[in-house]
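Residues per chain, in single letters:
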Amino acid sequence: MADASMSGSLAMTGPRGAKPKRALNPRNIMLYGILLLVCLYYILPLWVMIMTSLKGMPEVRLGNIFAPPVEITFEPWVKAWATACTGLNCDGLSRGFWNSVIITVPSVILSIIIASVNGYALINWKFKGSEVFFTILIFGSFIPYQIMLYPIVILLREAGLYGTLWGLVLVHTIFGMPILTLLFRNYFSSIPEELFKAARVDGAGFWGIYFRIMLPMSLPIFVVALILQVTGIWNDFLFGVVYTKPDLYPMTVQLNNIVNSVQGVKEYNVNMAATLLTGMVPLVVYFVSGKLFVRGIAAGAVKG
Amino acid sequence: MASQSRPFRLLHNLNAKIAALPMVLTTMVVFVGGTIWTVFYSFTDSKLLPRERFVGFDQYERLWSNSRWAVSIENLAFYGVMSLVFTVVMGFILAVLMDQKIRYEDTFRTIMLYPFALSFIVTGLVWQWILNPDFGLQGIVRGWGWESFSFDPLHSPETVLYGLLIAGLWQGTGFVMCLMLAGLRGIDEDIWKAARVDGIPTWKTYLVVVVPMMRPVFITTLVIVAAGIIKLYDLVVAMTSGGPGGNASQVPAMYVYDYMFQAQNLGQGFAASTMMLLSVLIVLIPWAYLEFGGKKHG
C-alpha cells in the first residue's frame, strides 16, 4: 500500500517495489554451503566409480581415486562385461545381465497384473473377508523374509520350480504383492465411484470395468508400479542367491561374486566398471522417471 | 462340497474372488502358513532336512549360547540405533534445508536420492573401494604428507560398523529426506504465519510446533527404517562378508542364511529367524496399536 501511494512521486527517482533481498547474505551462504557439502558426499561415490572404471590398473595403483584418468581406457568396461571370472565361468557380467533381464521382465509384468486386479477387487468388489486378507498382506510385508525362506523352498520344490527362473518370478510376485496392492488400491479408491456405478448400470462386468475404465484412467500409477518393481527386482540379492542356481544368478549376485572373489589379483578398475554396469539399469530408470520415482517410493511408504 | 451346498454365496462376486485368489494364497500359505511352519520346526532338531523330532527349546538355548549370534545381535542393535538416529536426524535437517524455498531444489533432491535407486550390493562395493586403506581416502590423505593418518574402518573389528554405517546412510538418508519433506509440505501455511506474528524464531517453530505436528511422519519413517534394518544383509555381504576377524560385522540375517543353506543346520536357522520375527513384532505391535487402535474411535 505504501509503495502504491508513493510510486507517483518517486517514479523517476528509483526502482519500485520492495527492496530485493541480497542473494549473498550470510543465511544463504550457510544454507547453500551446507547443501553443496552434503551433495559432495552423495556424488562422490558415483564420481569415484566412473573415474576408477576409466583408468588402467597401473594408474589406479599410482593415483588418487578422485582424480580423473590421465589416459581414458574402456578396457575395464569390456572386461567386466565380457571376460571377468566368477569361479570357472569367464564370460563376464553379461550373463548376469541377461539373467536379470529374463528374471525382471516376467516378474514385473506378473506382479503388476496380479496386484492391480487385486487392488481393484479390494476397492470396488469387496467380499466377505477381503479386508482381513488385505490387512494380513500389509502386515506380512513387515515379516522378515528369513522366516519364509525355507517354507518357500519346500513349496517351490513340490511344484518343481525350485532353482528355476519361474520359481524366482513367483517369489518376486509374492513379495511385491503387499506394496503394489496397497499402491493400486489407494489409487483406485481415488477414482470417483459414480464412474464405476454408471458402468455397472450400463451392464459392464468385473473385467469390462477394469479394462475400459480403471486401466485407462490409472496409467500414471502403472508407471509408478513399473519403476518400483524394476528397481526393486533388479536390486534383489537374497532371493537370487536362495532360489536360483549359479547359471541363473542375477546380476547383483554375480557382481558380488566377481568383486569379492578371493582368487587372483584384484582389478579395481574392472570391479568398478562391473559395479557401475550393475547400477546402470536402476540409475537410468531413476534419472528418466524423475518425479515419478519419488512419488513411487513416497506412495509405497506413506499410505494414502 | 461346500460350493454345492451353498452355491449362491461362494459364486457370488466370483470374478473378484478369482482376482484376489493370489492374495489369499500368499497371505494364507506363505505369510501365515510359512511363519507358523518355521516357528513349529524351530522346536525340532532338523539338520539337512526338516524332521519332526522335538527338542523343546534346545535350539534357542544353543542359539543364545553361540557367540556368533550374540555378536550378531549386538551389531544389529548398535547399527540399528545409530542408523535410526542418524537417518531420521539427518533426513529431517536436510528436509528443513530443502524447505527454505531454495533454488535448484529438484537438482539437490535428485542428487540426494539417487543412491536409493542403487542396490545394497552396489552401495557396499563402492564404499569398500573408497574406504580401501591403500588407494582410498586413507591413501590419499597420506599421499598429501600426513603419513600417520589412519582411516580404515573396514579392517578393524572396533570400527567396522561405522564403515557400514557410512555406506548405509549414504544409501538411505535421501529417501528419509523425501518423506520428511513431504511431511513438512503438508503443514498448513497458516501455522507459519501465526508463528511469525507471535515472533517465534524459525528454528524454535520447527522444534516446538512442526516436529510435534509431524509425529505420524516420524513414526512411519521409524517403522520403515527399522523394518529395513532388521533385514540388513546384502550390505554386509558386499562390504565385509561378516568380517574382519571372522564375525566382527555379523548380522542375524546372515546367521540365518548360513545355518539354513550352508551349515545344513535347519533347526538353528529356524530358531534364529523366529527370533528375528520376534524382534519385528516388538517394533510392529506398539506401532500398529498406535496407528490403528486409535482410529476406530474416529
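These figures come from a predicted structure and were not determined experimentally.

Moving on: the packing of aromatic side chains. Here the structure, examined in full by the defined rule, presents 50 aromatic pairs over all chains. On the basis of an interplanar angle of 70° and a centroid distance of 6.1 Å, the ring pair of Trp127 of chain B and Trp170 of chain B is categorised as edge-to-face. Separated by 43 residues along the polypeptide, Trp127 of chain B in helix 7 (residues 120-130) and Trp170 of chain B in helix 9 (residues 160-185) bring together distant segments of the chain. For Trp170 of chain B, a relative accessible area of 0% gives the class buried. In textbook terms, an aromatic cluster arises when at least three aromatic residues are bridged by ring pairs, as seen for Tyr120, Trp125, Phe184, Phe188, Phe196, Phe206, Trp207, Tyr210, Phe211 and Phe222 of chain A. Between the NZ or CZ atom of Arg157 of chain A and the centre of the ring of Tyr162 of chain A, over which it lies, the distance is 5.6 Å. Sitting over the ring of Tyr145 of chain A, Lys231 of chain B keeps its end group 4.4 Å from the ring centre.

The next point concerns a nonpolar patch on the surface. A contiguous nonpolar patch, built from Leu155 of chain A together with Leu21, Leu25, Met28 and Val29 of chain B and spanning about 400 Å² of accessible area, is present on the exposed surface. Looking at which element gives the most residues to the nonpolar patch, the answer is helix 3 (residues 14-41) of chain B, with 4 residues. For Val29 of chain B, the position within the fold is in helix 3.

Nonpolar side chains in soluble globular proteins generally cluster together in the buried interior. Counting residues in hydrophobic clusters, the biggest one holds 193 residues, and the most contacted among them are Tyr120, Ile209 and Tyr243 of chain A together with Met112, Met180 and Met214 of chain B. When residues of this core are assigned to their parent elements, the largest contribution, 15 residues, is made by helix 9 of chain B. Once residues lying within four places of it in the same chain are set aside, the contact partners of Met214 of chain B are Phe92, Met180, Gly183, Leu184 and Ile187 of chain B.

As a further point, take the confidence of the model for chain A. Residues and elements named next belong to chain A. Residues with a pLDDT of 70 or more make up 90% of chain A, whose mean pLDDT is 85. The spread of mean pLDDT over the elements of chain A runs between helix 1 (residues 2-10), the lowest at 44, and helix 5 (residues 94-124), the highest at 94. Segment residues 1-11 is flagged for pLDDT under 50; beyond a separation of four residues in sequence, or across chains, it makes 3 contacts in the model.

Further remarks concern the interface of chain A and chain B. The partner chain B presents 91 residues to the 85 residues of chain A that form the contact. Ranking the residues of chain A by area buried against chain B places Tyr42, Phe142 and Tyr150 of chain A at the top, with a combined share of 10%. Put simply, chain A and chain B have 0 salt bridges between them. Where chain A meets chain B, there are 18 residue pairs in polar contact (both at pLDDT 80 or more). At 16 residues, the largest contribution of residues to the side of chain A that touches chain B is made by helix 2 (residues 26-53) of chain A. Of the residues belonging to the side of chain A that touches chain B, the class tally is 65 nonpolar, 14 polar and 6 charged.

The final tally for this structure, using the stated rule, is 10 salt bridges over all chains. Taking the shortest distance from any N to any O, the salt bridge between Arg53 of chain B and Asp45 of chain B comes out at 3.0 Å.

A word on the packing of helix 7 of chain B against helix 9 of chain B. Residues and elements named next belong to chain B. In the contact formed by helix 7 and helix 9, the axes pass within 9 Å of each other and the chain directions differ by 130°. Classified by the interaxial angle, the pair formed by helix 7 and helix 9 is oblique. By crossing handedness, the relation of helix 7 to helix 9 is classed as right-handed. Counting all contacts with helix 7, which are made through Phe120, Thr123 and Trp127, the residues of helix 9 involved are Ile166, Ala167, Trp170 and Gln171.

Scanning the model with the defined rule gives 0 disulfides over all chains in all. Its sulfur unpaired, Cys178 of chain B is 12 Å from the next cysteine sulfur, which belongs to Cys39 of chain A. Classification of Cys178 of chain B by relative accessible area gives buried; the value is 10%.

Below, the discussion takes up unusual backbone geometry. All names here are of chain B. You will see that Lys101, though not glycine, has its phi angle at about 50°, which is positive. Topologically, Lys101 is positioned in the loop between helix 5 (67-98) and helix 6 (105-117). On the accessibility criterion, Lys101 (75% relative accessible area) is exposed.

The subject of this paragraph is the environment of Ile73 of chain B. Locating Ile73 of chain B in the fold gives a position in helix 5. Contacts of Ile73 of chain B, omitting those with residues within four sequence positions, involve Trp64 and Pro252 of chain B.

Calculation criteria
- The residue numbering used here restarts from 1 in each chain and proceeds along that chain's sequence as written.
- The lettering of chains begins at A and the numbering of ligands begins at 1, in the order of writing.
- Whole-chain, interface and lining totals are the exception, using all residues; otherwise, since this is a predicted model, local features are given only for residues with pLDDT of at least 70 and side-chain atom pairs are given and counted only at 80 or more.
- Side-chain measures were taken over the full set of non-hydrogen atoms in the model, leaving aside hydrogen atoms and water.
- Each Phe, Tyr or Trp ring (for Trp, its six-membered ring) is paired with any other whose centre lies within 6.5 Å, and the angle between the two planes then decides the class: stacked below 30 degrees, edge-to-face above 60, tilted in between.
- For the purposes of this entry, the term helix denotes a DSSP run of H or I that reaches at least four residues, the term strand denotes a run of E that reaches at least two, and both are numbered from the N terminus.
- For every residue, the accessible area obtained with a 1.4 Å probe (protein chains only) is divided by the maximum for its type, and the residue is called buried under 20%, exposed over 50%, and partly exposed between those limits.
- Put simply, a charge is over a ring when the Lys NZ or the Arg CZ is close to the ring centre, within 6 Å, and near the line of the ring normal, within 35 degrees.
- Surface patches are drawn from residues lacking salt bridges whose relative accessible area is over 30%; two like charges belong together within 9 Å, two nonpolar side chains (Val, Leu, Ile, Met, Phe, Trp, Tyr) within 5 Å.
- Calculation of accessible area relied on Shrake-Rupley with a 1.4 Å probe; when residues are assessed, cover is drawn exclusively from the protein chains displayed.
- In the sections that follow, a salt bridge refers to a side-chain nitrogen of Lys or Arg positioned within 4 Å of a carboxyl oxygen of Asp or Glu.
- Residues grouped as a nonpolar core are buried Ala, Val, Leu, Ile, Met, Phe, Trp, Tyr and Cys residues, joined through side-chain atoms within 4.5 Å.
- Residues count as neighbours in contact if any of their non-hydrogen atoms are within 4.5 Å of one another.
- What pLDDT reports is the predictor's confidence in each residue, on a scale of 0 through 100.
- Buried area, as used here, totals the accessible surface that two parts lose on assembly, with accessibility defined by a 1.4 Å probe and the loss added over both.
- Whenever two N or O atoms come within 3.5 Å, that pair is a polar contact, provided that in protein one can donate a hydrogen and the other can accept it, and provided that, for residues adjacent in sequence, both atoms are side-chain atoms.
- Residues are grouped as follows: nonpolar covers Ala, Val, Leu, Ile, Met, Phe, Trp, Tyr, Cys and Pro; charged covers Asp, Glu, Lys and Arg; every other residue, Gly included, is treated as polar.
- With axes taken as lines fitted to C-alpha atoms, and helix axes fitted only over the stretch in contact, angles between N-to-C directions fall between 0 and 180 degrees.
- We call two directions roughly parallel when the angle between them is under 35 degrees, roughly antiparallel when it is over 145, roughly perpendicular when it lies between 65 and 115, and oblique otherwise.
- Helix crossings get a hand from a simple test, with the near helix turned counterclockwise from the far one by less than a right angle marking a left-handed crossing and a clockwise turn marking a right-handed one.
- In this description, a disulfide is simply a cysteine sulfur pair whose atoms lie within 2.5 Å.

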